[in-house]
Amino acid sequence: MTAEYQVHGAVAVITLNNPPVNGMGLETRTAAVKGIQRALADDAVKAIVITGAGKAFSGGADIKEFNTPKALTEPSLHTLIATAESATKPVVAAIHSVCMGGGLELSLGCHYRVAMPGAQIALPEVKLGLLPGAGGTQRLPRVLGLEPALNMIVSGTPVPSEQLPALFDEIYAADVDLLQSAVAFAEKIADVRPLPKVRERKVDYPNHEAFLQFSRNTVKAMAGPFPAPLECVETVAASVTMKFEDGLKFERERFLHLIQTTESKALRHAFFAERMASKVPDVPADTPVRTIQRAAIVGAGTMGGGIAMNFLNAGIPVTLLETRQEALDKGIATIRKNYENTVKKGKLTAEKLEQRMGLLNSTLAYEDIAGADIVVEAVFEDMGVKEAVFRKLDEVMKPGAILATNTSTLDVDQIAAFTGRPQDVIGTHFFSPANVMKLLEIVRGSQTGKDVLATALALSRKLKKTGVVSGVCDGFIGNRMIEQYSRQAGFLLEEGALPEQVDKAAEKFGFAMGPFRMGDLAGNDIGWAIRKRRYVEKPEISYSRTADLLCEMGRYGQKTGAGWYDYKPGDRTAYPNAQVNAMIVQHSADLGIGRRKISDKEIVERLVYALVNEGALILEEGVALRASDIDMVYLTGYGFPLYRGGPMFYADTVGLPNVLAAIHQYARGHHGEAWQPAPLLVKLAEANLGFNSK
Ligand code: T1G
């Protein structure tokens, strides 16, 4: 059922009913048009109310339909809105909860709008790389005025209904029955003529050209690679510079342009990918979760402190455990300092700071954390240390407590085996700075209970993190892929590139930071420790030793004031260092490699396709549940450019046959052994399919 039709006295009520948010898909549009036509044909009906069932009036057009034939099949949203607007009987939109996108555009085509307070009103299309494509850019300015409408459309930010009195003929009290009130309102205005039409209003904004030019300049500066924000300005401008019908036509033309752009497809991919990530095929959505009311963190270092802040921000009390008082004091002081910085930026009140610090306890005794519902271990990345901690936790923690490890690469199954309750053990890999980065890799051990996994996913939402489930392997999803990316970066230095060129090429592609600036930020000694382990465990894997030579020079990065680049105190600018570049050139000579000029295109392909190829292996091993999960890891944890949708989505836009051809080409070059095409990539390329093919 996609829209119900009922008659209350002399009022026909059409209820949009397309769970979960009454997306205006083809069936819903068709049923709504039929409902209006049926009401117009019924002489006993004097007025029409349109409302939404469930938790929304409507969340807008059905995004799942875009770029499919259904989206262009009549009745379109335009037709539905025109049917309402041209109706010979008054049509009243009765709005509650959520009224967004095409849903709001439909209500703007109605003659009247009544609403409950607290309803989220928005035209969020710009967040999907689009613009309101069903009259919103022409009608909203006619109701709210040019400036408020432009702000809503360019930002896409929801506004509570009670803050938009100009949009509604009635805003009811929270305890009112919306349907009853809307029907009563419809009866009251049933005979009022002429029927008020938004399209007949005028936008009055003296000297609008100056305002629009100012808006263009402002939006151009902040839109970056995204075309939609500026298109929003131009189409809203049409509401004052063009006749209504011409403005509608212009809007339609610009919408159809945007919906075909890669940027919009990437944003829509990310929208669904974020929601898909919380779905685990063998863990039903209604799996009971354990209550998390109290947390404990073992380790008050950078990670432990950052993780603690996530719980404090969500209002969950935390007990921080350390082995030494001074480490504990330092950890607490750092947490307070971080909050004070947020207060200074005006993003937190001093009162909230104290509230959060009031939820923080600390102790040197394991016994004091026994009652926590979850404990997150964030100690030194060494299996011996982890073993000691987990054996102690197994001894102390109450039954049913979740024992989580923040390890970034170690084997979660091995850690679980240190306890007598492997079903309660799970990996919660936070990314530094843990109180800032959205990504949370949730590592499912082979014995992790389904309820523990479901609890971790629910907790990630409560902590406002993007939780992505990973299986157990060295480096899980993100770090395992970044290792291949860093490997290629090292080889590129041996073959002729310098750090600055590689970083600039990566940053031009859209990465927040190139591999060498990232190494200097994270600490080159971290990668060094991993490679030293690799040299012993997997001597067959080749790595460039350039990064090792850098570390032997003591150049660990920003933390030592120098890494691949030089840094000045209080200045994060990366200044190239002649001594490092000389070392790189000398190392090529020592290896007998004749340095060559390397194109930015080759640099980007080798960095990105190294991610894609490893991602394909991770996918076929089942370490990641789906390609879009891998994209979410890179979009939320590794600074991959959002407008390219993530490594796997980007590879699909390039075309897997082209990716494979490039991999074959690099396999013939220096350290070609690093380019073993993943069987899944070969299979999909040969079938001309993509990772995200439906
Ligand atoms: N189309 C299809 N599915 C949608 C949807 C939509 N518009 N909005 C949400 N969903 C699905 C979502 O994928 C998830 O699915 C479920 O609903 C719950 O979503 C012509 C062209 C409405 C505020 O951009 O902001 O109109 O995972 O987890 O936290 O101008 O969803 O359960 O299978 O987010 O309660 C413009 C996007 C469309 C609104 C609800 N509208 N949605 O938040 O639930 S373009 C939007 C949201 C348009 C016209 C243009 C939020 C929400 P599943 P959820 P929520």
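Residues numbered from 1 in each chain as written. Predicted model: local features only at pLDDT ≥ 70, side-chain atom pairs only at ≥ 80, totals over all residues. Heavy atoms only, no water.

In the annotation of an unreviewed UniProt entry, the protein chain is listed under the name 3-hydroxyacyl-CoA dehydrogenase and assigned to Duganella callida. Per UniProt, the protein chain carries the Pathway (unreviewed entry) text "Lipid metabolism; fatty acid beta-oxidation." (UniProt positions renumbered as here; feature names shortened; annotations may be inferred.)

Asker: Before we go on, may I ask you to explain the UniProt feature "domain: 3-hydroxyacyl-CoA dehydrogenase C-terminal" (unreviewed entry) in the protein chain in this structure?
Answerer: In this structure's numbering, the residues bearing the UniProt feature "domain: 3-hydroxyacyl-CoA dehydrogenase C-terminal" (unreviewed entry) are residues 475-567 and 603-688. Taken end to end, residues 603-688 is 66% helix and 0% strand, and its first and last C-alpha atoms sit 25 Å apart. (Helix = DSSP H or I, 4+ residues; strand = E, 2+ residues; numbered from the N terminus.)

Asker: Sorry, what's going on with helix 17 (residues 478-495) here?
Answerer: Because an α-helix completes one turn every 3.6 residues, residues spaced three or four positions apart along the sequence face the same direction. The end-to-end C-alpha distance of helix 17 is 26 Å, a good match for the 26 Å that 18 residues give at a rise of 1.5 Å each. Positive backbone phi, approximately 150°, marks Gly 496, located one or two places after helix 17. (Expected span 1.5 Å × (residues − 1).)

Asker: Is there a simple way to explain the packing of aromatic side chains in this structure?
Answerer: Pairs of aromatic rings are described using the distance from one ring centre to the other and the angle between the two planes. Tallied over the entire structure, the rule returns 15 aromatic pairs. With a centroid separation of 4.7 Å and an interplanar angle of 70°, the aromatic rings of Phe 516 and Trp 564 are classed as edge-to-face. Of this pair, Phe 516 sits in helix 19 (residues 515-522) while Trp 564 sits in the loop between helix 21 (546-552) and strand 18 (565-568), and the two are 48 residues apart along the sequence. Each member of the pair, Phe 516 together with Trp 564, is buried. Centroid distance Tyr 634 to Tyr 638: 4.4 Å. Interplanar angle 15°. Geometry classified as stacked. The buried category is assigned to Tyr 634, whose relative accessible area is 0%. Residue Tyr 638 is classed as buried on the basis of its relative accessible area, which comes to 12%. Taken together, the ring pairs connect Tyr 485, Phe 509, Phe 511, Phe 640 and Tyr 650 into an aromatic cluster. Over the aromatic face of Tyr 666 sits the side chain of Arg 606, whose NZ or CZ is 5.9 Å from the ring centroid. We note Arg 644 situated over the ring of Phe 509; from NZ or CZ to the ring centre the distance is 4.2 Å. (Phe/Tyr/Trp six-rings, centres within 6.5 Å; stacked < 30°, edge-to-face > 60°. Buried < 20%, exposed > 50% of the residue type's maximum accessible area, 1.4 Å probe, protein only. Lys NZ or Arg CZ within 6 Å of the ring centre and 35° of its normal.)

Asker: What is the right way to read the domain arrangement of the protein chain from this model?
Answerer: Interfaces are often sized by the accessible area lost when the parts come together. You can read the domains of the protein chain as domain 1 (3-259), domain 2 (295-470) and domain 3 (478-686). The partner domain 3 presents 11 residues to the 13 residues of domain 2 that form the contact. Summing the contributions of domain 2 and of domain 3, the shared interface buries around 950 Å²; its carbon and sulfur component is 62%. Three residues, Thr 409, Leu 439 and Val 468, lead the burial of domain 2 against domain 3; their summed loss comes to 37% of the area buried on that side. Our count for the contact surface shared by domain 2 and domain 3 stands at zero salt bridges. (Domains from an automatic or database assignment. Contact = heavy atoms within 4.5 Å. Buried area = accessible area lost by both parts, 1.4 Å probe. Salt bridge = Lys/Arg side-chain N within 4 Å of Asp/Glu carboxyl O.)

Asker: How should I be thinking about the side chain of Thr 428 in this particular structure?
Answerer: Along the chain, Thr 428 turns up in strand 15 (residues 425-430). Given the relative accessible area of 4%, Thr 428 is considered buried. Excluding anything up to four places from it in sequence, Thr 428 contacts Val 376, Ala 404, Thr 405, Asn 406, Leu 440 and Glu 441.

Asker: Please explain the pattern of salt bridges as it appears in this structure.
Answerer: In a structure, side chains of opposite charge can pair up when their charged atoms sit close to one another. In total, this model carries 43 salt bridges according to the counting rule given. Glu 27 is the salt-bridge partner of Lys 70, the closest N and O atoms lying 3.0 Å from each other. Remark: Glu 27 occurs in helix 1 (residues 26-41) and Lys 70 occurs in the loop between strand 3 (47-52) and helix 2 (77-85); sequence separation between them is 43 residues. For Glu 27, a relative accessible area of 39% corresponds to the partly exposed category. Of the charged contacts, one joins Arg 290 and Asp 451 as a salt bridge, the two residues approaching to 2.9 Å between their closest N and O atoms. One end of the pair, Arg 290, is in the loop between helix 10 (262-276) and strand 10 (295-298); the other, Asp 451, is in helix 16 (residues 450-462), and 161 residues separate them in sequence. Residue classification places Arg 290 among the partly exposed residues on the basis of a relative accessible area of 22%. We classify Asp 451 as partly exposed; its relative accessible area is 23%. In the salt-bridge network here, residues are joined through shared partners; they are Asp 474, Glu 483, Arg 533, Arg 534 and Glu 537.

Asker: How should I be thinking about the site of the ligand in this particular structure?
Answerer: Taken together, 27 residues form the shell around the ligand, and within it Gly 59, Ala 61, Glu 105, Glu 125 and Lys 279 come nearest. Between the ligand and Ala 61 there is a distance of 2.8 Å, counted from an oxygen atom to a backbone nitrogen or oxygen. Between the ligand and Lys 279, the relevant distance is 2.7 Å, taken from an oxygen atom to a side-chain nitrogen or oxygen of the residue. Elements supplying a minimum of two residues to the shell around the ligand: strand 5 (98-100), helix 3 (102-109) and helix 10. Ranked by residues supplied to the shell around the ligand, first place goes to helix 10 with three residues. Its residues placed into classes, the shell around the ligand shows 15 nonpolar, five polar and seven charged. (Near = heavy atom within 4 Å. Polar contact = N/O pair within 3.5 Å; in protein donor to acceptor, adjacent residues only side chain to side chain. Nonpolar A, V, L, I, M, F, W, Y, C, P; charged D, E, K, R; others polar.)

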